[in-house]
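Reading the structure
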Number of protein chains: 2
Amino acid sequence: MRRIYLDANGSCPSLPKAQEKLLEIAGLFGNPSSSHDHGRKLRGIIDEARQIIAHNLKAKEKEIIFTSGASEANRLFVDALLEQSQKDFKKPKVLLSPFEHPSLLKPILRAHERDLILLTIFAIIDGQLQIDPHQIKDADVIIACQAHNETGLINDLDQIVKNARENTLIMSDISQAWAREPLVSKRVDVLTFSAQKMGGFPGIGGMAIRGVGKTLPAPWPGGGQEKGYRPGTESALLIASFGEAARHLDQQRAKHQELKSLRDYFEDNLRRRFRVNIIGQDRTRLSNTSAVCFVEENPDALRISCDLAGLSVGFGAACSGLAPEGSFALKRLGLDLAVEKSTIRFSLPPDCTKADLDETITRIDEKIISHKSRV
Amino acid sequence: MRRIYLDANGSCPSLPKAQEKLLEIAGLFGNPSSSHDHGRKLRGIIDEARQIIAHNLKAKEKEIIFTSGASEANRLFVDALLEQSQKDFKKPKVLLSPFEHPSLLKPILRAHERDLILLTIFAIIDGQLQIDPHQIKDADVIIACQAHNETGLINDLDQIVKNARENTLIMSDISQAWAREPLVSKRVDVLTFSAQKMGGFPGIGGMAIRGVGKTLPAPWPGGGQEKGYRPGTESALLIASFGEAARHLDQQRAKHQELKSLRDYFEDNLRRRFRVNIIGQDRTRLSNTSAVCFVEENPDALRISCDLAGLSVGFGAACSGLAPEGSFALKRLGLDLAVEKSTIRFSLPPDCTKADLDETITRIDEKIISHKSRV
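The model shown is predicted, which means the values in this text are computed figures rather than measured ones. (Residues numbered from 1 in each chain as written. Chains lettered and ligands numbered in written order. Predicted model: local features only at pLDDT ≥ 70, side-chain atom pairs only at ≥ 80, totals over all residues. Heavy atoms only, no water.)

**Quick notes on the pattern of salt bridges**
Residue and element names in this part refer to chain B. Scanning all chains against the criterion turns up 64 salt bridges over all chains. Glu234 is paired through a salt bridge with Arg43; the nearest N and O atoms lie 3.3 Å apart. Note that Glu234 is positioned in the loop between β10 (205-209) and α7 (236-247) and Arg43 in helix α2 (residues 37-56), a separation of 191 residues in sequence. Note on Glu234: relative accessible area 5%, which makes it buried. Taking the shortest distance from any N to any O, the salt bridge between Asp189 and Arg187 comes out at 2.8 Å. (Salt bridge = Lys/Arg side-chain N within 4 Å of Asp/Glu carboxyl O. Helix = DSSP H or I, 4+ residues; strand = E, 2+ residues; numbered from the N terminus. Buried < 20%, exposed > 50% of the residue type's maximum accessible area, 1.4 Å probe, protein only.)

This is the structure:
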């Protein structure tokens, strides 16, 4: 049986060009911090990737910090924020979107529990962040990802930017949206991102720090790499393939936008044939994402039968270890744990076809759901 | 001109087998945390590597945590220590070797400055840690790398283990020694290590946590990967090649021991022909490392001329960003900054030959040093 991969938000296949780059430099060695030819060669490779990525983000090269991924970049941001507030003897007022990845949400919630920040969470009505100008004006720091990994829901960063004070630090995890949606405003001061969501490999990602973010201190002392922000020898191998993937971001974005009609076709078919709720159906979402709740089904059976039927799909926050406590975001969207567990996240990779989706519907019908879910 | 690589302590060439492994799995994709076939395949690859590494370290698989390298593992350890002390409302008495890498030294010094730990640093006499049984008995935590990256000096962990209390946490960064020296005692509770020093690629490493270390809390909240200790999608690519390199650790260790006679031959030749001091000459050192101070030479000229002469060698703490403040360890060894800057670290890779070293001596003589350095 042919397996069908519909878990692109968990991890996207790497581009063939990124794989080629990997092979091209696998034989090089040395430490990019060394002041000799072996080191300089690797430094050059890293700087070239940094240049491509900076260009794509409309940022300066010196504003880009490589990390081991978006999870690490998110923690780096929170640690920098806490370091700064400790220096300034001032608790920042943080306004947080509930659609954040656990790698950002959890450190922020912990900082709040420890009374290190003053936290407000955006209200959600009908599946959408409520952009309250007073609340936004009041915030020292606003954290809102561009798109939510579980549902594809897109935050209205333009409205946030429009209403924010000049000296408010705006931070956005663009991991899920970078290769899929138009770039966020240059007013967003800190961006975090991951190569594995845009055609590079897992294990590399980064952070752009500019504007109001420039005053953030480097919170992790160590070897001094990446302008002191991120200790540890850089992985030239993963960085080079990341840069190579970034060369093709425009094509990826175009491909991704074409997925919308396929995704809508898929959702129409699902609704016509099965008893389902599609989360955020009428809201602005990533073109490739469909979080579908099979309300009548047993969650455990659903998970197992999808896999047995050859469908690689996502459940819950699929790019994290399986969290039994449920999703913070889905709770805020008013969904209880039972509904959440019966939700399958279909996230289409760029090369997804109509045939893949037709076959998926057939398998759902024949191998996955019970009679209770049929319309 | 053929370049000669003598900077193995900065970064070791990856093994051909590790490169092959990379190519073998470059086309796989998915998220190892996903509960479907694509995810499970990657999970299997990661677990296989974990098994090989655990076996080699005489640890259990569940005791191994993958990180992006030893730098990150060192920070993870310090953060866990501080998290624990915060929970226990007790400042730990930490006894520290001055030979630690900046990624460990600096977070510990910062914790000390912030009054979060009670710090004592091992005394050094004649280039050797002074193992004072009373000092060791008194410590809650002892931190001593197995070998020093800059000089190759080896810490006597057996003596530390022998004198430590049962409930004292002993931690050792084995990065430089793992593929070179016999394994440290199982009594060492926390080990940190890096793939790039043993035939894998930069960007991956890890930590073993066992014994007294088992009570260390997971300090970084996030996606829950690596038993909650290390958030972020694992790089199956780098982990698999790391595991492959670890299969060949015994051969690497044997090769490395053979370097001793080559290194001694090299040092004899240097001493016979040039005015040099070799740091730790009569002390137990890594077989491949020679930190040679050309006392009469201008440091900047030395650095540039080595590179121009086709020698890739190390200066100072070569696996970190170039630190202008000088090396903590060399200061403790009684060397001033001028001496330190005139010190070249020759660190032989496993495939180094007598011809490489003869050619190195010729180039030093003809292209690098001034008449003042000749005997």
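Past the structure itself, the notes keep going.
**Topic: the side chain of B:Gln176**
Residues and elements named next belong to chain B. Within the secondary structure, Gln176 sits in the loop between β8 (169-173) and β9 (190-194). With relative accessibility at 5%, the residue Gln176 sits in the buried group. A polar side-chain atom of Gln176 sits 2.9 Å from a polar atom in the side chain of Arg180. For Gln176, the residues in contact, after removing those within four places along its chain, are Asn9, Ala147, Asn149, Lys197 and Leu286. (Polar contact = N/O pair within 3.5 Å; in protein donor to acceptor, adjacent residues only side chain to side chain. Contact = heavy atoms within 4.5 Å.)

**Thoughts on the packing of helix α2 (residues 37-56) of chain A against helix α7 (residues 236-247) of chain A**
All names here are of chain A. Running from N to C, α2 and α7 cross one another at 35 degrees; their axes reach a closest spacing of 8 Å. Pair α2 / α7 crosses with left-handed handedness. Of α7, the residues touching α2 (which contributes Leu42, Ile45, Ile46, Glu48, Ala49, Ile52, Ile53 and Asn56) are Ala236, Ile239, Ala240, Phe242, Gly243, Ala246 and Arg247. Grouping the amino acids of the contact of α2 with α7 by side-chain chemistry returns 11 nonpolar, two polar and two charged. (Axes fitted to C-alpha atoms, helices over the stretch in contact; angles between N-to-C directions. Left-handed = near helix turned anticlockwise from the far one by under 90°. Nonpolar A, V, L, I, M, F, W, Y, C, P; charged D, E, K, R; others polar.)

**What about the confidence of the model for chain A?**
Looking at chain A as a whole, the pLDDT averages 94, with 98% of positions reaching at least 70. Scored as a complex, the prediction yields pTM 0.96 and ipTM 0.96. (pLDDT = per-residue confidence, 0-100.)

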